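# Residue-level structure breakdown
Listed below, chain by chain, are the residues.
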Amino acid sequence: TILKFKRLHASTHHRLMFGLCLTLLTVLILFVAGVEHAAGNKAACRAVAIVLHFLVLMAFMWTSVLATQLYNQLVTVFSHLPDWYMKALLVIVIAVPAIIVAVTAGATELDAYTNDKYCWIS
C-alpha cells in the first residue's frame, strides 16, 4: 500500500511504519530460512544469529521511535519538527542495535551465537 500511494511517502509516521514492517519481514524470512538450515556450518550459523539479533533489536528501536513520534503528534501538536529529525531517528535505529550486537559479540568472542541445534543466541 505504501509503495502504491505516493502521498504516504511524505508522512514521517508512514516512513517509520514502513521501516518497522520491512525489518519484521526480514526477520521472519531470515528466521524461517536460516535458523535450522545453517546449523551445520558454524560460520553461517553465527552470521544468521548475529543478523537476527541485530534485526530484532532494530525492530524494538523502530517501535520505540514510533512511540516517540506518536507522542510528538498527540502531545506537542503545534510544534514543527526540524528537517534533520528523520535522519537522526534513522541513525539511532541503526546505531544502537549495532553497538549492542558489537559489544555482545566482542564480550563473548562470538560464542553466544552458536548452538548445537539452532542458529540463535544462547
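None of these values were measured; they are calculated from a predicted model. (Residues numbered from 1 in each chain as written. Predicted model: local features only at pLDDT ≥ 70, side-chain atom pairs only at ≥ 80, totals over all residues. Heavy atoms only, no water.)

## As for a nonpolar patch on the surface
A cluster of nonpolar side chains, L28, F31, V32, Y118, W120 and I121, forms an exposed patch at the surface whose accessible area comes to about 560 Å². Of note, F31 is situated in helix α1 (residues 12-34). (Patch = residues over 30% accessible without salt bridge, like charges linked within 9 Å, V, L, I, M, F, W, Y side chains within 5 Å. Areas by Shrake-Rupley, 256 points an atom, 1.4 Å probe, with all protein chains shown as cover. Salt bridge = Lys/Arg side-chain N within 4 Å of Asp/Glu carboxyl O. Helix = DSSP H or I, 4+ residues; strand = E, 2+ residues; numbered from the N terminus.)

## Section: the packing of α1 against helix α2 (residues 42-74)
Running from N to C, α1 and α2 point in directions that differ by 160°, and their axes come no closer than 9 Å. Judged by the inter-axis angle, α1 sits roughly antiparallel to α2. Between α1 and α2 the crossing geometry is left-handed. Its residues assigned to classes, the contact of α1 with α2 shows 17 nonpolar, 9 polar and no charged. (Axes fitted to C-alpha atoms, helices over the stretch in contact; angles between N-to-C directions. Parallel < 35°, antiparallel > 145°, perpendicular 65-115°, else oblique. Left-handed = near helix turned anticlockwise from the far one by under 90°. Nonpolar A, V, L, I, M, F, W, Y, C, P; charged D, E, K, R; others polar.)

## What about the packing of aromatic side chains?
As enumerated under the stated definition, the model contains 1 aromatic pair in all. Seen from their ring centres, F31 and W120 are 6.0 Å apart, and the 90° between their planes marks the pair as edge-to-face. On the criterion of sequence distance, the pair formed by F31 in helix α1 and W120 in the segment after α3 (85-108) is long-range, its members being 89 residues apart. In this structure W120 comes out as partly exposed when scored by relative accessible area, which is 36%. (Phe/Tyr/Trp six-rings, centres within 6.5 Å; stacked < 30°, edge-to-face > 60°. Buried < 20%, exposed > 50% of the residue type's maximum accessible area, 1.4 Å probe, protein only.)

## Some remarks on the nonpolar core
Counting 18 residues, the largest nonpolar core has L16, W62 and V93 as the members making the most contacts within it. Secondary-structure elements contributing two or more residues to this core are α1, α2 and α3. A per-element tally of this core places α2 first, with 10 residues. (Core = buried A, V, L, I, M, F, W, Y, C linked by side-chain atoms within 4.5 Å.)

## Focus on the state of the cysteines
Counted under the stated rule, the structure contains 1 disulfide. Disulfide pairing is shown between C45 and C119; the S-S distance is 2.3 Å. An S-S torsion of about -125° defines the bridge between C45 and C119 as left-handed. Placement of the pair is C45 in helix α2 and C119 in the segment after α3, with a sequence separation of 74 residues. Looking at C45, the relative accessible area reads 3%, which means it is buried. (Disulfide = S-S within 2.5 Å.)

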